[in-house]
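These are the residues of each chain, in order.
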Amino acid sequence: MEPIASYVLLDVETTGLQGSHYGRTKITEICLVGVIKNHFKFQKKSEINSCSVSEIPRVVNKLTMCFQPEKYLSPKSEENSGLHNELLEELKPFNSEFCDMLNNFVNSLPKPVCLLAHNGIKHDFPLLLAHTKILGKPLPDDVLCADTLPAFKELRENNYYSWETLGDITSSSNEPTVSEIIDLTEEGDIAEKKDQNEPKTPKRITQSHCPSLKEKNSTGNFEPTTPEKASVKKNLNELTETPNKLKSVYHRLYKENIPKEHTAEGDTEAMLKCIAKFGEQFHIWVQENYIHLNEIQRCW
């Protein structure tokens, strides 16, 4: 495979976490940042490793869009992203017109093109594939992808960085915390089933009209009412804080919080700055670890 020529950094905001919010998770905001790899100019030695760091490229193409998701957002998603159904009500949904725009954006860059996203393998890439393939307009087969989460993790471990975090730096990220999983599990019980042909967002039903999260079984113990909730509950104890979350990585490199965190634009800009800081090692990692986007299974 010839060397990667361009990156498209990707981040999406959604109606809720996959698997813990009733129905299909929908994209509410997307940001794509296109850069040419050779525009990262290596210029000096880094203070965090022995390799050269680079400046952020001068030429940065950007596409940011918000969508009417045709279902209500979870309270946690509203809190994190600042988006809510009233703000999105007059917008168009993720449709074939945007798919054309997306394909044109990717095709405008020198090939091969590689999509980059933090926790992209589990989150951003499957969601993007689901939205585009169901409309019959997927991205070209030659598009590559790589996940910056394992990239940053491996670069950190190989260089023996000290990644001590301060305060609550690891408590917010692209990955769900225990409290977020619990909140969204409870929200799943108050979600209203949405007919996909309905043009407008349904009104949220109240807690009093919905079944409780748990019901007693024959032994008198409380258990989740569905296998999905049981699976979510089972995984609660497996979640741990990690220095590989985007917020933690950014804070370690720049000694500040991400500006405009939990917006698609803010998170892609943070990724771009982290890539520049890691320098040439990051580009080597991506070239050795990319896969084709169509190898990933869509989430629905």
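Keep in mind that this is a model prediction, so the values were computed, not measured. (Residues numbered from 1 in each chain as written. Predicted model: local features only at pLDDT ≥ 70, side-chain atom pairs only at ≥ 80, totals over all residues. Heavy atoms only, no water.)

### Comments concerning the overall build of the protein
Within the protein, the regular secondary structure consists of 10 helices and 10 strands. Residue burial in the protein is summarised as follows: out of 300 residues, 51% are buried. Sequence-distant contacts, at least 24 apart, represent 76% of the contacts inside the protein between residues at least 6 apart. (Helix = DSSP H or I, 4+ residues; strand = E, 2+ residues; numbered from the N terminus. Buried < 20%, exposed > 50% of the residue type's maximum accessible area, 1.4 Å probe, protein only. Contact = heavy atoms within 4.5 Å.)

### With respect to the environment of P75
Here P75 shows up in helix α1 (residues 75–81). Take P75: its relative accessible area is 34%, and that puts it in the partly exposed class. Between the C-alpha atoms of P75 and G16, which are 59 residues apart in sequence, the distance is 8.6 Å.

### A closer look at the pairing of strand β1 (residues 6–14)
Within β1, nine of the nine residues are buried, which leaves it mostly tucked inside the rest of the structure. The alternating pattern of β1 places S6, V8, L10, V12 and T14 on one face and Y7, L9, D11 and E13 on the opposite face, and all of these are buried. The pairing of β1 with strand β6 (residues 113–117) spans four bridges and is classified as parallel. Note on β6: the bridge partner recorded for V8 is L115. (Pairing = 2+ DSSP bridges.)

### Some thoughts on the sheet that holds strand β7 (residues 144–147)
Across the sheet, six strands lie side by side as β5-β2-β1-β6-β7-β10; this open sheet has mixed pairing. Since the sheet does not close on itself, it has two edges, and those belong to β5 (61–66) and β10 (291–292), each with one partner. Pairing of β7 with β10, which is carried by two bridges, proceeds in the antiparallel orientation. Of the residues in β10, the one forming a bridge with C145 is I291. Docked against the sheet, helix α4 (residues 124–133) engages β1, β2 (27–36), β6 and β7, running at close to 85° with respect to β1. (Axes fitted to C-alpha atoms, helices over the stretch in contact; angles between N-to-C directions.)

### Description of the environment of H283
When you line up the elements, H283 lands in helix α10 (residues 280–289). For H283, a relative accessible area of 7% corresponds to the buried category. Residues H283 and N38 lie 245 residues apart in sequence; the distance between their C-alpha atoms is 10.0 Å.

### Regarding the packing of aromatic side chains
Overall, the coordinates contain eight aromatic pairs when judged by the stated rule. Taking the centre distance of 5.0 Å and the plane angle of 45° together, the rings of F67 and F94 count as tilted. Taken together, the residues F67 in the loop between β5 and α1 and F94 in the loop between α2 (85–88) and α3 (96–107) connect sequence positions 27 residues apart. Summarising the aromatic geometry, the rings of F67 and F98 are spaced 4.9 Å apart at their centres and angled 75° between planes, so their arrangement reads as edge-to-face. With F67 in the loop between β5 and α1 and F98 in helix α3, this residue pair connects regions lying 31 residues apart in the sequence. On the accessibility criterion, F67 (2% relative accessible area) is buried. Joined through ring pairs, the aromatic side chains of Y7, F40, F152, F278 and F282 make up one cluster. Directly above the ring of Y254 sits K277, whose terminal nitrogen or CZ lies 5.1 Å from the centroid. (Phe/Tyr/Trp six-rings, centres within 6.5 Å; stacked < 30°, edge-to-face > 60°. Lys NZ or Arg CZ within 6 Å of the ring centre and 35° of its normal.)

### Some points on the nonpolar core
Within the largest apolar cluster, 31 residues are counted, with the highest numbers of intra-cluster contacts made by Y7, L9, C114, L116, F152, F282 and V286. Secondary structure elements with two or more residues in this core: β1, β2, β6, β7, α5 (148–158), α8 (246–254), α9 (264–278) and α10. Here this core gets eight residues from one element, more than from any other, and that element is α9. In this view, L9 contacts C31, L32, V33, V35, L116, T268, M271, L272 and I275; residues no more than four positions away in its chain are not counted. (Core = buried A, V, L, I, M, F, W, Y, C linked by side-chain atoms within 4.5 Å.)

### Quick look at the environment of N289
Mapping N289 onto the fold places it in helix α10. Taking the C-alpha atoms as reference, N289 lies 8.7 Å from A151; in sequence the two are 138 residues apart. A distance of 2.7 Å separates a polar side-chain atom of N289 from the backbone oxygen of W285. (Polar contact = N/O pair within 3.5 Å; in protein donor to acceptor, adjacent residues only side chain to side chain.)

### Here's the deal with α4
Along an α-helix, residues three or four positions apart point the same way, because every turn accommodates 3.6 residues. Counting buried residues in α4 gives nine out of 10 residues, a clear majority hidden from the surface. Buried within α4 are the following residues: D124, F125, P126, L127, L128, L129, A130, H131 and T132.

### Comments concerning the pattern of salt bridges
Going through the model one piece at a time under the given rule, you end up with 12 salt bridges. In this structure, the salt-bridge partner of E269 is K62, at a minimum N-O distance of 2.9 Å. With a gap of 207 residues between them, E269 in helix α9 and K62 in strand β5 connect regions that are remote in the sequence. Here K62 falls in the partly exposed class, since its relative accessible area comes to 38%. Across the pair E79 and K76 runs a salt bridge whose closest N-O atoms are separated by 3.6 Å. On the criterion of helical spacing, the pair formed by E79 and K76 is a turn pair, its members being three residues apart in helix α1. For E79, a relative accessible area of 59% puts it in the exposed group. What emerges from the salt-bridge pattern is a single network uniting K62, K260, E265 and E269. (Salt bridge = Lys/Arg side-chain N within 4 Å of Asp/Glu carboxyl O.)

These results come straight from atomic positions and should not be treated as a statement about function.
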